[in-house]
Amino acid sequence: MRALVISDIHANLKALESVLEDAGKVDAVWCLGDVIGYGPEPNESVELLREQKNLICLLGNHDAASIGEMSVASFNIEAKQAVEWTQSVLSKENKEYLLERPLTSVNGEVTLAHGSPRQPVFEYVLDTRSAAENFDHFDNEFCFIGHSHLPLMFTLKPEDYICRLNFPEIDAITKLIPRTIINPGSVGQPRDRDPRASYAIFDTEDRTWHYRRVDYDIEGTQRLMREHNLPARHIDRLSGGW
């Protein structure tokens, strides 16, 4: 089975559309959370995602904040502003859909979480120490996470006493090694200095990870954000992927 693995769409409909077109025919879509927040088209992004076949969609921290299930006390000023705007436009139907999203999901050899298996909604896994601590919090071979907006891969072989960090190569097909924690990067707001939308295809039979980047209409998304008076910092960062 070929599963499209995506995360952190952040209401960037144009980026999501480009990813779906670039990925082509897949058997399932696994979304690791943060469908909304930051971007200008929250309802359209949720609705397009809901149309996908064999969809699993998790709850992310911006999703939770935008539907009133999480405090924004820890959010910075711009993120709070984006949450408040999203709350003002999110439809009742889409709010109810997000309210029903699970925090984690287990699919055969894979655990899915937004932040981490230890703290599914809000923990960032950015280094080998935090990754190593999280291997005790899932039992199967692989864990796919989002939240950091960075495409990262952490492996812990049985013979190793330390966790290893790797950066997947663009368009490379990697044979995953048990046990691995891996992040596909962000669809709608990449932060690795590459502004292109980031995603991956996971082949469940071959245990391969095909990491991809795709161009999208960044200026179109920025124009909509300006029309809605969304924070300038969130608009500007799309051009540089930071």
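Residue positions are given per chain, counting from 1 as you read along its sequence in written order. Reporting of local features is limited, given that this is a predicted model, to residues whose pLDDT is at least 70; pairs of side-chain atoms are given and counted only at 80 or more, and all residues count toward the totals for whole chains, interfaces and linings. Values reported for side chains reflect all heavy atoms of the structure, with hydrogen atoms and water molecules removed beforehand.

Engineer: So, the side chain of Thr 111: which residues are in play, and what are the values?
Structural biologist: Counting through the fold element by element, Thr 111 comes out in strand S5 (residues 110-113). The exposure class assigned to Thr 111 is buried, which follows from its relative accessible area of 8%. If we ignore the near neighbours within four places in the chain, the residues touching Thr 111 are Ser 105, Val 106, Phe 138, Asn 140, Phe 142, Cys 143 and Phe 144. Numbered from the N terminus, helices here are DSSP runs of H or I no shorter than four residues, and strands are runs of E no shorter than two. Three exposure classes are used, based on accessible area relative to the maximum for each residue type with a 1.4 Å probe and protein chains only: buried under 20%, partly exposed in between, and exposed over 50%. The contact criterion used throughout is that any non-hydrogen atoms of two residues lie within 4.5 Å.

Engineer: Let's hear about a nonpolar patch on the surface: which residues, and what values?
Structural biologist: A contiguous nonpolar patch, built from Phe 122, Tyr 124 and Leu 126 and spanning about 260 Å² of accessible area, is present on the exposed surface. Examined against the element boundaries, Leu 126 turns out to sit in the loop between S5 and helix H6 (128-134). Judged by its relative accessible area of 41%, Leu 126 falls in the partly exposed class. Here the term patch refers to residues with relative accessible area over 30% and no salt bridge, with like charges joined within 9 Å and nonpolar side chains (Val, Leu, Ile, Met, Phe, Trp, Tyr) within 5 Å. All accessible-area figures derive from a Shrake-Rupley calculation using a 1.4 Å probe, and residue coverage is judged against the displayed protein chains alone. A pairing counts as a salt bridge when a side-chain nitrogen of Lys or Arg comes within 4 Å of a carboxyl oxygen of Asp or Glu.

Engineer: Hey, could you go over the packing of helix H7 (residues 218-227) against helix H8 (residues 232-240) for me, with residue numbers and the actual values?
Structural biologist: Lines fitted to C-alpha atoms define the axes, with helix axes restricted to the stretch in contact, and inter-axis angles between N-to-C directions lie between 0 and 180 degrees. Relative orientation of the contacting elements H7 and H8 amounts to 175 degrees, with a least axis distance of 9 Å. Taken together, the axes of H7 and H8 are roughly antiparallel relative to one another. For the pair formed by H7 and H8, the contact residues are Ile 218, Thr 221, Gln 222, Met 225 and Arg 226 on the first element and His 234, Ile 235, Asp 236, Leu 238 and Ser 239 on the second. Any angle that falls under 35 degrees is termed roughly parallel, while one over 145 is termed roughly antiparallel, one within 65 to 115 roughly perpendicular, and all others oblique.

Engineer: Tell me about the packing of aromatic side chains, residues and numbers included.
Structural biologist: Here a Phe, Tyr or Trp ring, Trp counted by its six-membered ring, pairs with any other such ring whose centre lies within 6.5 Å, and the pair is stacked when the planes are under 30 degrees apart, edge-to-face when over 60, and tilted otherwise. In this structure the tally under the stated criterion is eight aromatic pairs. Taking the centre distance of 5.0 Å and the plane angle of 80 degrees together, the rings of Phe 144 and Phe 202 count as edge-to-face. With Phe 144 in strand S6 (residues 142-144) and Phe 202 in strand S11 (residues 197-203), the pair connects residues that are 58 residues apart, well separated along the chain. Within the aromatic cluster, the residues linked to one another by ring pairs are Trp 30, Phe 142, Phe 144, Phe 202 and Trp 209. A ring is considered to have a charge above it if a Lys NZ or an Arg CZ atom is located within 6 Å of its centre and within 35 degrees of its normal. Sitting over the ring of Tyr 97, Arg 101 keeps its end group 3.8 Å from the ring centre. Sitting over the face of the ring of Phe 138, Arg 179 holds its NZ or CZ atom 4.3 Å from the ring centroid.

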